[in-house]
Amino acid sequence: MINTGAPGCVTDKIPLNDVQKQAVLYSEGPELVFAGAGTGKTRVLTAKIAFLIQEKGVYPNRIFSATFTNKAAREMRERVESLVGIPCDSLWIGTFHSLCVRILRREAPVLGYKSSFTIYDRDDQKAVIKKVLKELDIEERSIPPKRAIQAIARFKNQCMRPAEAENRAGGFCEEQIARIYRRYTAVLSAANAMDFDDLITNTVYLFTKEPAVRKAYQQRFSHILVDEYQDTNNSQLHFVKNLAGSNPNVFAVGDDDQSIYGWRGANVENILNFDKHFANTKIFMLEQNYRSTNPVLDFANALIVAGKKRSPKKLWCTVKTGTPVQIVRYEDDRQEASVIYEQIQKLGSTGIKPGSVCVLFRTNAQSRAFEAEFRKRNLPYVLVGAMSFYERKEIKDCCAYLRLVINRSDDVAFERIMNTPARGLGDKSKQALQQLARKTGKSMLETVLTQDLSQLGARAQKGFESLKDLFSLLIQMNDEGDSPQAILEQVLEGSGYLSMLEKEDTEESRARIENINELHTTMGFWKNEQPGKHLGDFLEEVSLATDVDKWEKQEGAVNLMTLHCAKGLEFDAVFIAGCEEGIVPSALNFEDPQRLEEERRLLYVGATRARKILQCSFTQQRWRFGSVMTMEKSRYLDAIPPGLYSFTDRGFGNMAVQDSDDQPDTDDQSNHDDTGEFSQETVQYRLGQFVVHEKYGRGKIVNLSGFGGDLRLTVLFDDRRRRRLIARAANLSPA
DNA sequence: CTCCCGCTATTTTTT
DNA sequence: ATAGCGGGAG
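Quick caveat, the model's predicted, so the values are computed rather than measured.

Analysis parameters
Residues numbered from 1 in each chain as written. Chains lettered and ligands numbered in written order. Predicted model: local features only at pLDDT ≥ 70, side-chain atom pairs only at ≥ 80, totals over all residues. Heavy atoms only, no water. Helix = DSSP H or I, 4+ residues; strand = E, 2+ residues; numbered from the N terminus. Rg over C-alpha atoms; globule rule 2.2 N^0.38 Å. Buried < 20%, exposed > 50% of the residue type's maximum accessible area, 1.4 Å probe, protein only. Near = heavy atom within 4 Å. Polar contact = N/O pair within 3.5 Å; in protein donor to acceptor, adjacent residues only side chain to side chain. Nonpolar A, V, L, I, M, F, W, Y, C, P; charged D, E, K, R; others polar. Salt bridge = Lys/Arg side-chain N within 4 Å of Asp/Glu carboxyl O. Pairing = 2+ DSSP bridges. Axes fitted to C-alpha atoms, helices over the stretch in contact; angles between N-to-C directions. 1 Å grid on protein atoms, 1.4 Å probe; cavity = no way out; pocket = protein on both sides within 12 Å on 5 of 7 lines; lining within 4 Å. Points joined across faces, edges and corners; volume = space filled by probe spheres on them.

**Q** Just to check I follow, could you spell out the overall build of chain A for this structure?
**A** When its secondary structure is counted, chain A shows 30 helices and 21 strands. The globule rule puts the C-alpha radius of gyration for 735 residues at 27 Å, and the 29 Å found for chain A is close to it. For chain A, the C-alpha atoms occupy an extent of roughly 100 × 70 × 55 Å along the three principal directions. In chain A, which comprises 735 residues, the proportion classed as buried is 54%.

**Q** Whenever I open this one, the protein's contact with DNA strand B confuses me. Can you help?
**A** Contacts to DNA strand B come from 28 residues, most closely from R362, N364, G426, T546 and L588. Here a base oxygen of DNA strand B and a side-chain polar atom of W263 are 3.2 Å apart. Within the contact set of DNA strand B, a base oxygen lies 3.1 Å away from a side-chain nitrogen or oxygen of R595. In terms of residue count, helix α20 (residues 427-440) provides more of the surface near DNA strand B than any other element does, three residues in total. Residues of the surface near DNA strand B, tallied by class, amount to seven nonpolar, 13 polar and eight charged.

**Q** Help me out: how do you make sense of the pattern of salt bridges in this one?
**A** Pairing is possible between side chains that carry opposite charge, provided their charged atoms lie close to one another. Counted according to the given criterion, the structure contains 42 salt bridges. The closest approach of N and O atoms between K313 and D256, which form a salt bridge, is 2.7 Å. Taken together, the residues K313 in the loop between α15 (294-305) and β9 (325-332) and D256 in the loop between β7 (250-254) and α13 (269-272) connect sequence positions 57 residues apart. The class for K313 is buried, based on a relative accessible area of 10%. The network of salt bridges with shared partners includes K41, D227, E228, D231 and K567.

**Q** Quick question: what am I supposed to make of the sheet that holds strand β2 (residues 63-67) here?
**A** Picture the strands of a sheet paired through backbone hydrogen bonds; they go either parallel or antiparallel. Here we have six strands laid out as an open sheet, ordered β3-β2-β6-β7-β1-β8, and parallel in their pairing. A single partner strand is all that each edge strand has here, and the edge strands are β3 (92-95) and β8 (282-286). Adjacent strand axes in the sheet meet at a mean angle of 15 degrees, parallel and antiparallel pairs treated alike. Pairing of strand β1 (residues 31-35) with β8 involves five bridges; the strand directions are parallel. Bridge pairing in β8 links L32 to I283.

**Q** How should the layout of surface pockets be read in this particular structure?
**A** The computed volume of the second largest pocket comes to approximately 2000 Å³. If you trace the second largest pocket, you find 50 residues lining it, with R74, E541, A545, D549 and K550 closest to the centre. Listing elements by their share of the lining of the second largest pocket, those giving two or more residues are α4 (70-84), β3, α5 (96-107), α17 (367-376), β11 (381-383), α25 (507-529), α26 (535-544) and α27 (547-550). Across the lining of the second largest pocket, the residue classes tally to 19 nonpolar, 10 polar and 21 charged.

Encoded structure:
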């Protein structure tokens, strides 16, 4: 048996409650841990890996562990290392995508790829689709590229190859889409490129096509662990099943209440039916929350219990006191931003620094009002997600040059930079080159590098010659082992990209140069940390990196991000802005009951990020699409019992802070009336709590607003009169 | 071939 | 409000 009691056992080094401990120690086969928000999910996962390595003697390279972000993977590796006390470089831990890339780089030839294949992002996909549409003579307005991309993603999620898609297509439109899919696949394959979905799907395809390869990987990994299991999609499920084979050591952690990626193919059924896919599954439920105060938790619970089709569970915690959750109505988005700014300022006096405050919103566009406000008031902020660094045009241009050095077949990259900066290579020259390329069966860059271009016009010839010279040099530099930095420098000088920006000399072009410098600096740091790696590795990291991966908390800077981005994070204070019909839930999901449930969960995810302070706000008017729109409070807020929050109205005609017109002037509305608990120093007020005022006598708190020194109470006194008091000045004592 | 003007749709969410 | 795109002039 396992020696769990031995001193130095990992379960002794890391504090675990009973259920957590059982989940870590369980070793009898498939295991599913339902881990509610803030219940120590990461802790269990980390302890589990450390336990396997240290107590069960499993070699790190036999553990396969999928996380949701690269950042999570990095942190988990570090924690495991500190627990077991040895480096665990050989541990396979990362996102599904990065782990699959690792497999695919080794096995690429089996699938007809070179292992230097490029990873195409959304923009690259779009460029390919546009090209394909033109080629197939399909108008963009009959099948918008966006729709084609979605359709292809669906095919891939179902692990359906073009042939099958064509067979199944019914009706003209579906046939067209299947044709697009076939052609798209061919273009990517010719470019030696894979899109994000391919990374999973091609690995599954590899396993199906080559049983020997599958078997080798099955034998290689003795344990498979998956985090955020509720966000896995169909192809990922297939991947896990394929990798596991008959191996029962599959461990999944997740929370169906936090499933918010249905729109990109994630299937909650995966977690709800886990025990059907993996026989004899043992299920553990983590319900004790270590993150939030009671008011936050009660609020979040109320938000989520109204949902349908979920595994029943209820989070609880031992911290019974805390600031009530606030729901606030604002006039408009400008006021929302400015009052939230003021509240963040005031939080400072309660010891909550801007760095542990987060403003959450549904759409990236909502960040503008906050950015404007914070900039005006000189409050530093970090905008996570949104336009990520690597999505900027100048960065993508640089990366396109670099990509071509690694993969000469990458025609999308070639077309991108062919005439950037301008080399006199317009549409005509492009077509001429493409024709030549088609004849020789080579890619565009290879054609430029190896073919005789003398039939082309003098101007075009000159342009292509300069590209030939540039890339000959770049490729040579890379072959000789020059650093990514040096190669980037040569791109910037040799292509004229830098002088183009310098000549432009606008505020924008200066910012672009700044960004390019940042890329250069990043490369330097990267190379320092990973001396053995090359340009190709850097580009791979870039294409799989998310903004959250890079995000680091800064003491003085408020965090701004979308609700999706906030998953897995936590903050002392959380403001969820724009809780309005049409925003949460998004108007685009009004018609779909399943997606409406997902929107509810999105709000739940947001709410459970808060440790101490939570505010949900909505506005009466909002600037959208360049005009003012009238907004309504989100339906999800309506469903919450009034006793679980305090309402502040700062809407039109409510200059002063006003009370909601709460109905019950009766005592005892909810379970909030247990024994009054107060933390030692600062007196905490709670809804429903009884207090004594020296003049007005005994009364019950029926509403709270504001924070810290600005905390205002509405007290219903025994004389049946409501009075609004400033908590600090009122000199109240507990009854 | 390049540049610039004005029209348009766009706002979900991201590995 | 604004980025991206097409059309027309130089």
